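A structural walkthrough
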Amino acid sequence: MKTYSNIADFPKTIGTVLTLGTFDGVHLGHTKILNKITEAAKIMDLESVVLTFHPHPRSVLQTDTPMHLLSCIDEKSNLISNAGIDHLVIHPFDKAFSQLTAEEFVTDILVKKFNLKKIVIGYDHRFGKNRTANIDDLTRFGAEFGFEVVQITAEEVNAITISSTKIRKALETGNCSAAQDYLGHPYTLSGTVVKGQQLGRTLGFPTANLQPCCEEKLIPKNGVYVVRVSYDNRCYSGVLNIGNRPTVSGATRTIEVHLFDFSQEIYDAKLSLEFLKFLREEQRFESLDALKNQIINDKEQAIAYFQNLPK
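These notes cover the structure that comes with them. Residue positions are given per chain, counting from 1 as you read along its sequence in written order. The predicted origin of the model limits local features to residues at a pLDDT of at least 70 and limits the giving and counting of side-chain atom pairs to 80 or more, whereas totals for whole chains, interfaces and linings rest on all residues. Side-chain descriptors were evaluated using all non-hydrogen atoms of the structure, hydrogens and water having been removed beforehand.

**Quick notes on the layout of surface pockets**
Applied cut-off: Whether a set of points on the 1 Å grid over the protein atoms alone is a cavity depends on a 1.4 Å probe fitting there but being unable to get out, while an open set qualifies as a pocket with protein on both sides within 12 Å along at least five of seven lines; lining residues are those with an atom within 4 Å of a point. Grid points are joined across faces, edges and corners, and a volume is the space filled by probe spheres set on the points. Where helices and strands are cited, they refer to DSSP runs of H or I of at least four residues and of E of at least two residues respectively, numbered from the N terminus.
In this structure, the largest pocket encloses a volume near 1,400 Å³. Taken together, 38 residues form the lining of the largest pocket, with Gly21, Thr22, His125, Arg126 and Arg131 sitting closest to its centre. Within the residue set of the lining of the largest pocket, elements represented by two or more residues are strand E2 (16–20), helix H1 (28–44), helix H2 (57–61), helix H4 (95–98), strand E5 (116–122) and helix H7 (154–172). Counting residues per element, the lining of the largest pocket draws most heavily on H7, at six residues. When its volume is computed, the second largest pocket comes out at roughly 530 Å³. Around the second largest pocket, the lining is made up of 24 residues, and of these Glu75, Asn78, Thr188, Ser190 and Ser272 lie nearest the centre.

See below:
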């Protein structure tokens, strides 16, 4: 998949089948849409394109509404690539872009920049300045400029919305398996390793303290998890703790992962964590020895989990 950071960078000589949207989480509902455009592109001998935006339009237009994203932009890119899309365009979203009229958006972008031949869009999709245009307007433009409009049904659109809500609720309760069922893949948290208090090292369980890839990323419920960690093109098993570390009177929420059979210094490294199983609630222990014993137990449970996975 080729990725572009601006609509202007796209090679406009290519005929395209396109869909657009935020695709947050790229869950199974989104995957159905992506499959539609890849299949259509093959049949029509065209290129498949996903147009998305960064930052999320709601964070620009509704600044008083907190965002809890299921995927940061890099995670989203990887998932869209896995769906077999030819081109991903991540266009900077700002207030100026939101002021394009419907006609400007269709003629100057969809037609002139993307050489659009077919677009797959939701039945309730609205576009243009103040979101005044709808699917009927897009169909009219399609007839004028020679591109086909395929409407995603109300049932499919509602399923996408419902799935996103259920994924968030599952993560907020630590239900990793339910989240994975709706996503079609484990929930992922990516970030950079930063320096922490190094308490885990004194207990014999060194941890990497993770700073998430973006502030708006949804962090699952506090507690201890079994995770799979990707680092430097390799995968490692591990246990993850999210919380305030009440045993040592921690004042801030941290995300700390202990990787099995791993001893490298990885400050400033990029890690990607897959949430596989919730082990237990975060709790306060009476002593560091009690905490250490519990960590040993957590690790044993995690090792057993990986040993019992289907071969």
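Additional details are given in the paragraphs that follow.
**A word on the sheet that holds E2**
The test is simple: Strand pairing follows a simple DSSP-based rule, namely that at least 2 bridges must link the two strands. Between N-to-C directions, angles span 0 to 180 degrees; the directions come from axes that are lines fitted to C-alpha atoms, helices contributing only their stretch in contact.
Judged by pairing direction, the sheet is parallel, and its six strands sit side by side in the order E1-E4-E3-E2-E5-E6 without closing on themselves. The open sheet has two edge strands with one neighbour each: strand E1 (2–4) and strand E6 (148–152). Taken pair by pair, the neighbouring strands of this sheet meet at an average axis angle of 20 degrees, ignoring direction. With six bridges joining them, strand E3 (residues 47–54) and strand E4 (residues 87–92) adopt parallel strand pairing.

**Regarding the environment of Glu75**
To keep it simple, the criterion reads: Any two residues having at least one pair of non-hydrogen atoms within 4.5 Å are treated as being in contact.
Within the secondary structure, Glu75 is located in helix H3 (residues 73–82). A C-alpha to C-alpha distance of 9.3 Å links Glu75 and Cys213, two positions 138 residues apart in sequence. If sequence neighbours within four positions are ignored, Glu75 has contacts with Leu70, Thr188, Leu189, Ser190, Cys213 and Lys217.

**Some thoughts on the nonpolar core**
Rule in force here: Only buried residues count toward a nonpolar core. Its members are Ala, Val, Leu, Ile, Met, Phe, Trp, Tyr and Cys residues joined through side-chain atoms within 4.5 Å. Categorising residues by exposure relies on relative accessible area from a 1.4 Å probe, with only protein chains included: less than 20% of the type maximum marks a residue as buried, more than 50% marks it as exposed, and the intermediate range marks it as partly exposed.
Membership of the largest hydrophobic core comes to 32 residues, with the highest contact counts inside it found for Tyr225, Leu240, Val257, Ile266, Leu271 and Phe275. Counting residues per element, the ones that place at least two in this core are H7, helix H8 (176–183), strand E7 (187–194), strand E8 (208–212), strand E9 (223–231), strand E10 (234–243), strand E11 (254–259) and strand E12 (270–280). When residues no more than four places from it in sequence are discounted, the contact partners of Tyr225 are Leu171, Gly174, Cys176, Pro220, Gly238, Val239, Leu240, Ile242, Phe275, Lys277, Phe278 and Leu279.

**A short note on H1**
So the rule is basically this: In this analysis, the expected span of each helix is defined as 1.5 Å times one less than the number of residues it contains.
Over its 17 residues, H1 extends 24 Å from the first C-alpha to the last, a length consistent with the 24 Å expected when each residue adds 1.5 Å. If you check which residues of H1 are buried, you get Gly29, His30, Ile33, Leu34, Ile37, Thr38, Ala40 and Ala41. At its buried positions, H1 is contacted by E2, E3, H3, E5, E6 and H7. Asp45 sits one or two positions beyond H1 and adopts a positive phi of about 55 degrees.

**Observations regarding the sheet that holds E10**
Sheet architecture is closed into a barrel: six strands sit in the order E7-E8-E11-E10-E9-E12, paired in antiparallel fashion. Averaged over all pairs of adjacent strands, the angle between their axes in this sheet comes to 45 degrees, without regard to strand direction. As paired strands, E9 and E10 are joined by nine bridges and run antiparallel to one another. From the neighbouring strand, Val227 faces E10, where its bridge partner is Gly238. Each of E9, E10, E11 and E12 is contacted by helix H10 (residues 288–307), which is oriented at about 100 degrees to E12, the strand it contacts most.

**A look at the packing of aromatic side chains**
To be explicit about the condition: Put simply, two rings from Phe, Tyr or Trp (the six-membered ring, in Trp's case) pair if the centres are within 6.5 Å, and we call them stacked under 30 degrees between planes, edge-to-face over 60, tilted for the rest. Two thresholds decide whether a charge sits over a ring: the Lys NZ or Arg CZ must be within 6 Å of the ring centre and within 35 degrees of the ring normal.
The tally for this structure, following the rule as stated, stands at 14 aromatic pairs. Both rings, one in Tyr231 and one in Phe262, keep their centres 5.9 Å apart while their planes meet at 85 degrees; by these two values the pair is edge-to-face. Pair noted here: Tyr231 is in strand E9 and Phe262 is in the loop between E11 and E12, with a separation of 31 residues, a long-range link. Taken individually, Tyr231 and Phe262 each receive the classification buried, so the pair is uniform in this respect. Every member of this aromatic cluster is reached through a ring pair, and the members are Phe53, Phe93, Phe97, Phe105 and Phe127. Above the face of the Phe141 ring, Arg140 is positioned so that its terminal group lies 4.8 Å from the ring centre.

**Some words on the packing of helix H5 (residues 102–111) against helix H6 (residues 135–145)**
This is how it is decided: Any angle between 65 and 115 degrees counts as roughly perpendicular, while under 35 counts as roughly parallel, over 145 as roughly antiparallel, and the rest as oblique. What makes a crossing left-handed is the near helix being turned counterclockwise from the far one by less than a right angle; a clockwise turn instead makes it right-handed. Charged residues are taken to be Asp, Glu, Lys and Arg, nonpolar residues to be Ala, Val, Leu, Ile, Met, Phe, Trp, Tyr, Cys and Pro, and polar residues to be all remaining types, Gly included.
Put simply, H5 and H6 touch, their axes get as near as 11 Å, and they point 45 degrees apart. By the angle class used here, H5 and H6 are oblique. The element H5 and its partner H6 pack so that their crossing is right-handed. On H6, the residues that touch Ala102, Glu103, Val106, Thr107, Leu110 and Val111 of H5 are Leu138, Phe141 and Phe145. In terms of residue class, the contact of H5 with H6 is built from seven nonpolar, one polar and one charged.

**Here we look at the pairing of E8**
Along E8, four of the five residues are buried, which leaves the element largely enclosed by surrounding structure. Note: E7 against E8, four bridges, orientation antiparallel. Across the sheet, Gly191 pairs through a bridge with Pro212, a residue of E8. The sheet contact formed by E8 and E11 spans two bridges and is antiparallel.

Interpretation in functional terms is not warranted from these geometric data alone.
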